[in-house]
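Spelled out, the chains give:
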Amino acid sequence: MLKIDDLNVYYGSIHAVKGVSFEVEEGEIVTLIGANGAGKSTTLNTVAGLLKPHSGSIEFEGEDLVGTPAHKMVRKGIALCPEGRRIFQDMSVQENLEMGAFTRSDQESREMRERVYESFPRLKERRRQAGGTLSGGEQQMLAMGRALMCKPKLMMLDEPSMGLAPLLVREIFDIIKELNEQGTTILLVEQNASMALSIADRAYVLETGRVSMSGNANDLLHDKRVREAYLGG
Amino acid sequence: MGFLTNLINGISLGSVYAIIALGYTMVYGIAKMLNFAHGDVIMVGGYVCFFAMGSLGLPPLVAVLLAVIACTCLGIVVERLAYKPLREAPSLAVLITAIGVSYFLQNSALLLWGADPKAFASVVPFPSLTLFDGQLTISSVTIVTVLAAAAIMVVLTLFTTKTKMGKAMRACSEDKGAAQLMGINVNSTISMVFAIGSGLAAIAGVLLCSAYPTLVPTTGSMPGIKAFTAAVLGGIGSIPGAALGGVLLGVIEIFAKAYIGTQLADAIVFAVLIVVLLIRPAGLLGKEIREKV
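Quick summary incoming for the structure in this document.

What counts, and at which threshold
Residues numbered from 1 in each chain as written. Chains lettered and ligands numbered in written order. Predicted model: local features only at pLDDT ≥ 70, side-chain atom pairs only at ≥ 80, totals over all residues. Heavy atoms only, no water. Helix = DSSP H or I, 4+ residues; strand = E, 2+ residues; numbered from the N terminus. Rg over C-alpha atoms; globule rule 2.2 N^0.38 Å. Buried < 20%, exposed > 50% of the residue type's maximum accessible area, 1.4 Å probe, protein only. Contact = heavy atoms within 4.5 Å. Areas by Shrake-Rupley, 256 points an atom, 1.4 Å probe, with all protein chains shown as cover. Lys, Arg positive; Asp, Glu negative; His and termini not counted. Charge placed at Lys NZ, Arg CZ, Asp CG, Glu CD. Axes fitted to C-alpha atoms, helices over the stretch in contact; angles between N-to-C directions. Parallel < 35°, antiparallel > 145°, perpendicular 65-115°, else oblique. Phe/Tyr/Trp six-rings, centres within 6.5 Å; stacked < 30°, edge-to-face > 60°.

### With respect to the overall build of chain A
Along chain A, the regular secondary structure elements total 10 helices and 10 strands. Relative to its length of 233 residues, chain A is compact, with a C-alpha radius of gyration of 17 Å against a globular reference of 17 Å. For chain A, the spread of C-alpha atoms along the three principal axes comes to 45 × 40 × 30 Å. Counting all 233 residues of chain A, 53% fall into the buried class. A sequence separation of at least 24 residues applies to 66% of the contacts in chain A between residues at least 6 apart. Summing over all exposed atoms, chain A offers an accessible surface of approximately 9900 Å²; the carbon and sulfur share of this is 43%. Within chain A, the 33 negative side-chain charges are centred at a point lying 3 Å from the centre of the 28 positive side-chain charges.

### A few points about the packing of helix H5 (residues 140-162) of chain B against helix H6 (residues 164-174) of chain B
All names here are of chain B. With their axes 5 Å apart at the nearest point, H5 and H6 run at an angle of 80° to one another. Accordingly, the angle class assigned to the pair H5 and H6 is roughly perpendicular. In contact with Phe159, Thr160, Thr161 and Lys162 of H5, H6 contributes Lys164, Met165, Gly166, Lys167, Met169 and Arg170.

### A word on the packing of aromatic side chains
All names here are of chain B. Inspection of the entire model under this criterion finds 11 aromatic pairs over all chains. Look at phenylalanine 50 and phenylalanine 51: their rings are 5.2 Å apart centre to centre, the planes differ by 80°, and that puts the pair in the edge-to-face class. A ring pair is formed by tyrosine 83 and phenylalanine 194, whose centres lie 5.6 Å apart and whose planes are at 40°; its orientation type is tilted. Here the residue tyrosine 83 occupies a position in helix H3 (residues 60-83), and phenylalanine 194 occupies one in helix H8 (residues 186-211), the gap between them amounting to 111 residues. By relative accessible area, tyrosine 83 is classed as buried at 3%.

### Some points on the side chain of Thr142(B)
As for its placement among the helices and strands, Thr142(B) is situated in helix H5. Thr142(B) gets classed as buried once you look at its relative accessible area, which sits at 9%.

As structure tokens, this is what we get:
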């Protein structure tokens, strides 16, 4: 479904992503793990169209999408739930969701909203509240719900566990698993490698801008080098 | 009755400031830039209306409409040519460009229409309203100005809270990156807000010239600065803040002229701004800006 080949991205003069290649098949959960600064978020932001790659190709459903601006990526079926959630703080929960369905008709927007409220009942309770008044966990749910509103084929999640209590992290990952079972393909970036590997089908390990290892998530979870480097032994 | 007359004149002038300030504040809210050429769009609106009524002999309402269309286009073109290439540039570069655009518009007007003041005919050709046995006279322009400002304020509030495009504008004003991820085209949203702001400036221009009927190429600069002050006073980025700031500023200015002195009026207006900013740095209705850590 998504095929990244030899992607190079610069942040000013910093070569943040150095020849990264990976693939996501329809129906999979694929995770990119790695330390802070490994280039995981840069990769996602580039796929989403927020950053322009220096070279390399981004192929989605057979179409080359390099140079497509972010606002058009959504129409192609790629949604990004960004790092730090980036909820519209002054807009209500419901308005945040409506913005998620910006590219959809009002009818579709209403239908999706009901489905998101079914998946996240807590958002429904708080629908009139300003986004900025929600707790961290609720904001993560809102960010995920908002990304779902455009009915993405591929949903990319950047550090969904960031800053959340362990119990909430469990809940968020259960939801990601559930979304995948309902048919959304997932590309997940995480520092919490054990959690990510436990729900993913396949994984790529990024190290200073390069893919250093890849394979079946379960195998990597038990790999000695991965355990030492990312799972605390 | 003197007090009441002054109050009404103040509210009327303040309503013009409010309409201009709404444009300032909306552009600032979305594009995060101070468009110092905004005041000169007012002057262009005035001239377009003047020639449409005078040379072309069009009825006032059509002339006003023509001015609005002309200024809307002008706003879009200026944004496209002057500001869009500077989207990633430091804000100082944008600010200086805006001042440059301001001079460009003033001198173009000077070249096209000359320095002689034009006597603007009111676009509201109705008789004044006389109350209390002739002790209080309210001109029809005053009434129309106040009503127009109120209507614009209500329509803009409804637009930003009820429509999809209006909400998308608020989303852009909060976080452009996140807005793009929703599928919102940030560039066309910025274009739209310039169009709205400039269209409002045209309305402010014809109302201002109807009340103070001398039109010269620098007609827009002082009202532009006052409206900017009003937007800051009310809290820049806030729609109700711009309206409140505008009306307050108008009333203060007229009272200062009536009771303290014409020469000191402007100084007093700006002194009020300084005092308010010392007490409430974000303006009267502005939000405290939380620094992200």
